[in-house]
Amino acid sequence: MDITWTPIQKQRLKELNASPVCQQKCFESANERDFAFQDLERQLVAKGRQHLTEFQNNSRRPLLSKLEQRLIEALNLRGFVQVMTPTIISKGSLAKMSVDDKHPLFSQVFWLDSKRCLRPMLAPNLYTLWKDLLRLWKPPIRLFEIGTCYRKESQGGLHLNEFTMLNITELGLPLNERQHRLEEMAALVMSVAGIDEYQLEVTSSVVYGDTLDVIKDIELGSSAMGPHVLDKKWGITVPWVGIGFGLERLLMVKEEAQNVQSMGRSLSYLDGVRLNI
């Protein structure tokens, strides 16, 4: 029977961003496997050190920071206004999103006390801004936010407790243009991220119901449109569209990383490179 990597070896190779092909290799003996592991680990460590040297001397900004800047510039050029809203939100704001103590997302929230939590999504604050800006600005109103969200996500290579979301929204557009606008927004973000050959699929969300998701092997973004059942709680009466992306997942796919942790805020990784090398 073919021999595969040990669990410890598999974990180490994943941390060092070994390709899926390398991670799935089989061997005729344990000795052959262990020699191959030592050689592969040596190569991956050398590659990581080279990347960190390049990072120190030339690029000097993490991939996440660079992606944020490119997205801001691209969205500003297309008439979208950036906003920055609080990280701490109220229990009442979440309840307006239907996230009460019976909702599946409720147990994933980081609560600060009985009335406040770290935001698990950007939408509550954007809804709040919409209501005021609809009084002050003529539609269409195009807003976006890039900010940190927090969820007690399940463990694994695709989830983070602290992650970076991009939400792009447009209010006051014709009903018959909503689908097209979502497709345009998705295309813009994927182009800026350098990702092609993605798919748009209709799936179900625990907050918005049926949504149009952006998929390339994994879910990268999710969209919604109004009028929506939640709108009345926020006093919103005009048609709208919105789409959200996890920036770490975009980078994971673009860089062909083996886990999303390497792309996020971390003390173990720097610019995608595991530091225990």
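Residues numbered from 1 in each chain as written. Predicted model: local features only at pLDDT ≥ 70, side-chain atom pairs only at ≥ 80, totals over all residues. Heavy atoms only, no water.

### Comments concerning the packing of helix α1 (residues 7-15) against helix α3 (residues 30-59)
Link 1 in the chain: Close contact between α1 and α3 brings their axes to 10 Å; oriented N to C, the two are set at 20°. It follows from the interaxial angle that α1 and α3 lie roughly parallel. Between α1 and α3 lies a crossing whose hand is left-handed. Across the interface between the two elements, Gln9, Arg12 and Leu13 of α1 pack against Arg33, Asp34, Phe37, Leu40, Glu41, Leu44 and Val45 of α3.
Link 2 in the chain: Among the residues making up the contact of α1 with α3, the classes are represented as 5 nonpolar, 1 polar and 4 charged. (Axes fitted to C-alpha atoms, helices over the stretch in contact; angles between N-to-C directions. Helix = DSSP H or I, 4+ residues; strand = E, 2+ residues; numbered from the N terminus. Parallel < 35°, antiparallel > 145°, perpendicular 65-115°, else oblique. Left-handed = near helix turned anticlockwise from the far one by under 90°. Contact = heavy atoms within 4.5 Å. Nonpolar A, V, L, I, M, F, W, Y, C, P; charged D, E, K, R; others polar.)

### Some details on the packing of aromatic side chains
Think of a pair of aromatic rings as described by two things: how far the centres are apart, and how the planes are tilted against each other in angle.
Link 1 in the chain: Applying the stated criterion across every chain, the model contains 7 aromatic pairs.
Link 2 in the chain: Taking 6.2 Å as the distance between ring centres and 75° as the angle between the ring planes, the aromatic pair formed by tyrosine 127 and tryptophan 240 counts as edge-to-face. Placement of tyrosine 127 in helix α6 (residues 123-136) and of tryptophan 240 in strand β9 (residues 240-246) is noted, with a sequence separation of 113 residues between them.
Link 3 in the chain: An aromatic cluster of at least three residues, connected via ring pairs, comprises Tyr127, Trp130, Trp234 and Trp240.
Link 4 in the chain: Taking NZ or CZ as reference, lysine 96 lies 4.8 Å from the ring centre of tryptophan 234, over its face.
Link 5 in the chain: Taking the ring centre of phenylalanine 110 as reference, the NZ or CZ of lysine 152 above it sits at 5.4 Å. (Phe/Tyr/Trp six-rings, centres within 6.5 Å; stacked < 30°, edge-to-face > 60°. Lys NZ or Arg CZ within 6 Å of the ring centre and 35° of its normal.)

### So, α6
Link 1 in the chain: Compared with the 20 Å implied by 1.5 Å per residue over 14 residues, the 20 Å span of α6 between its first and last C-alpha is a close match.
Link 2 in the chain: Of the positions making up α6, those classed as buried are Ala123, Pro124, Asn125, Leu126, Tyr127, Trp130 and Leu133. (Expected span 1.5 Å × (residues − 1). Buried < 20%, exposed > 50% of the residue type's maximum accessible area, 1.4 Å probe, protein only.)

### Overview of the domain arrangement of the protein chain
Link 1 in the chain: In terms of domains, the protein chain is made up of domain 1 (3-60) and domain 2 (63-262).
Link 2 in the chain: If you average the C-alpha positions of domain 1 and of domain 2, the two centres end up 35 Å apart.
Link 3 in the chain: In this assembly, 8 residues from domain 1 lie in contact with 7 residues from domain 2.
Link 4 in the chain: It is Lys14, Asn17 and Ser59 that lose the most area in domain 1 upon contact with domain 2, and together they represent 70% of the buried surface on that side.
Link 5 in the chain: For the pair domain 1 and domain 2, the interface holds 0 salt bridges. (Domains from an automatic or database assignment. Buried area = accessible area lost by both parts, 1.4 Å probe. Salt bridge = Lys/Arg side-chain N within 4 Å of Asp/Glu carboxyl O.)

### Section: the pattern of salt bridges
Link 1 in the chain: Tallied over the full model, the rule gives 14 salt bridges.
Link 2 in the chain: Among the salt bridges present, the one from glutamate 15 reaches arginine 274, with a minimum N-O distance of 3.5 Å. Of this pair, glutamate 15 sits in helix α1 while arginine 274 sits in strand β11 (residues 273-274), placing them 259 residues apart in sequence.
Link 3 in the chain: Here arginine 181 ties to glutamate 170 by a salt bridge, and the two come within 2.5 Å at their closest N and O atoms. Remark: glutamate 170 occurs in strand β5 (residues 162-171) and arginine 181 occurs in helix α7 (residues 178-193); sequence separation between them is 11 residues. Residues arginine 181 and glutamate 170 agree in their burial class; the two are buried.
Link 4 in the chain: Salt bridges sharing partners connect three or more residues here, namely Arg12, Glu15, Glu41 and Arg274.

### Let's talk about the packing of helix α4 (residues 63-77) against helix α9 (residues 247-254)
Link 1 in the chain: Two elements in contact, α4 and α9, have axes whose closest approach is 10 Å; the angle formed by their N-to-C orientations is 110°. It follows that α4 is roughly perpendicular to α9 by the angle criterion. On α9, the residues touching Leu63, Leu64, Leu67, Glu68 and Leu71 of α4 are Leu247, Glu248, Leu250 and Leu251.
Link 2 in the chain: When the residues that make up the contact of α4 with α9 are grouped by side-chain class, the tally is 7 nonpolar, no polar and 2 charged.

### Topic: the environment of leucine 143
Link 1 in the chain: As for its position among the elements, leucine 143 is in strand β4 (residues 141-150).
Link 2 in the chain: Sequence separation of leucine 143 and leucine 126 is 17 residues, and the distance between their C-alpha atoms is 8.3 Å.
Link 3 in the chain: If we ignore the near neighbours within four places in the chain, the residues touching leucine 143 are Phe80, Val81, Val83, Leu129, Trp130, Leu133, Trp137, Asn167, Ile168 and Thr169.

### Quick notes on the pairing of β5
Link 1 in the chain: Of all 10 residues in β5, 9 are buried, a share of seventy percent or more.
Link 2 in the chain: The sheet contact formed by β4 and β5 spans 10 bridges and is antiparallel. Looking at β5, one finds that arginine 142 is bridged to glutamate 170.
Link 3 in the chain: Sheet topology places β5 next to β9; 7 bridges connect them, and they run antiparallel. Considered in β9, the bridge of threonine 169 is made with glycine 242. (Pairing = 2+ DSSP bridges.)

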